[in-house]
Amino acid sequence: MRYRRLKLQDLLREEISSIIQRDLKDPGLGLITILDVRVSEDLRSAKVLYSVYGEKEEKKKTDAAINRSRGYIKFLLGQRLKLKFMPDIHFVTEDTYERIEKIEEILKRVSHVPED
């Protein structure tokens, strides 16, 4: 069962990326990258982790646009993939890289503090 779930996660990630790049025409959609898809054990729900490049305002617009398009994305996935049950899709913004950059910047500042 684990192999099937991993295969489905990879397939969903590829297809969702393709749909966002080619099929969505929402003007509020910014530069978005699908990082990972995590499917539950029963294959009924999928958490799509994504990141958005840009300022906070652009990220908010993209979050709203991707959540508006959630049903359409699921519809297109249903047409492209032949599954008994299409998982419910939940989009989650992943900002780990931003936190890492902030921590690295703080560490650089701390390391450059002159000692008395």
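Residues numbered from 1 in each chain as written. Predicted model: local features only at pLDDT ≥ 70, side-chain atom pairs only at ≥ 80, totals over all residues. Heavy atoms only, no water.

Engineer: Please explain the sheet that holds strand β3 (residues 88-93) as it appears in this structure.
Structural biologist: Picture the strands of a sheet paired through backbone hydrogen bonds; they go either parallel or antiparallel. Pairing is mixed across the open sheet formed by three strands, whose spatial order is β1-β2-β3. The open sheet terminates on both sides in strands that have one partner only, identified here as β1 (31-39) and β3. Between one strand axis and the next, the sheet turns by 30° as a mean value, whatever way the strands run. Bridge count between strand β2 (residues 45-53) and β3: six bridges; the pairing is parallel. Across the sheet, K47 pairs through a bridge with H90, a residue of β3. (Pairing = 2+ DSSP bridges. Helix = DSSP H or I, 4+ residues; strand = E, 2+ residues; numbered from the N terminus. Axes fitted to C-alpha atoms, helices over the stretch in contact; angles between N-to-C directions.)

Engineer: In this structure, what is going on with a nonpolar patch on the surface? I would like to understand it.
Structural biologist: Taken together, the side chains of L35, Y97 and I100 define a hydrophobic patch exposed on the protein surface, amounting to about 270 Å² of accessible area. Residue position: I100 is located in helix α4 (residues 96-111). Judged by relative accessible area, which is 39%, I100 ranks as partly exposed. (Patch = residues over 30% accessible without salt bridge, like charges linked within 9 Å, V, L, I, M, F, W, Y side chains within 5 Å. Areas by Shrake-Rupley, 256 points an atom, 1.4 Å probe, with all protein chains shown as cover. Salt bridge = Lys/Arg side-chain N within 4 Å of Asp/Glu carboxyl O. Buried < 20%, exposed > 50% of the residue type's maximum accessible area, 1.4 Å probe, protein only.)

Engineer: Honestly, the layout of surface pockets in this entry has me stumped. Any pointers?
Structural biologist: Where empty space is left can be seen by rolling a probe of water-molecule size over the atoms. Of the pockets and cavities examined, the largest pocket occupies roughly 510 Å³. For the largest pocket, the lining is made up of 18 residues, of which V52, G54, K59, D95 and E98 are closest to its centre. Elements supplying a minimum of two residues to the lining of the largest pocket: β1, β2, α2 (56-68) and α4. With five residues, the single largest contributor to the lining of the largest pocket is α4. Of the residues belonging to the lining of the largest pocket, the class tally is four nonpolar, four polar and 10 charged. One number sums up the size of the second largest pocket: a volume of about 240 Å³. Together, 12 residues line the second largest pocket, and R4, L8, L43, L83 and F85 are the ones closest to its centre. The class makeup of the residues in the lining of the second largest pocket is seven nonpolar, no polar and five charged. (1 Å grid on protein atoms, 1.4 Å probe; cavity = no way out; pocket = protein on both sides within 12 Å on 5 of 7 lines; lining within 4 Å. Points joined across faces, edges and corners; volume = space filled by probe spheres on them. Nonpolar A, V, L, I, M, F, W, Y, C, P; charged D, E, K, R; others polar.)

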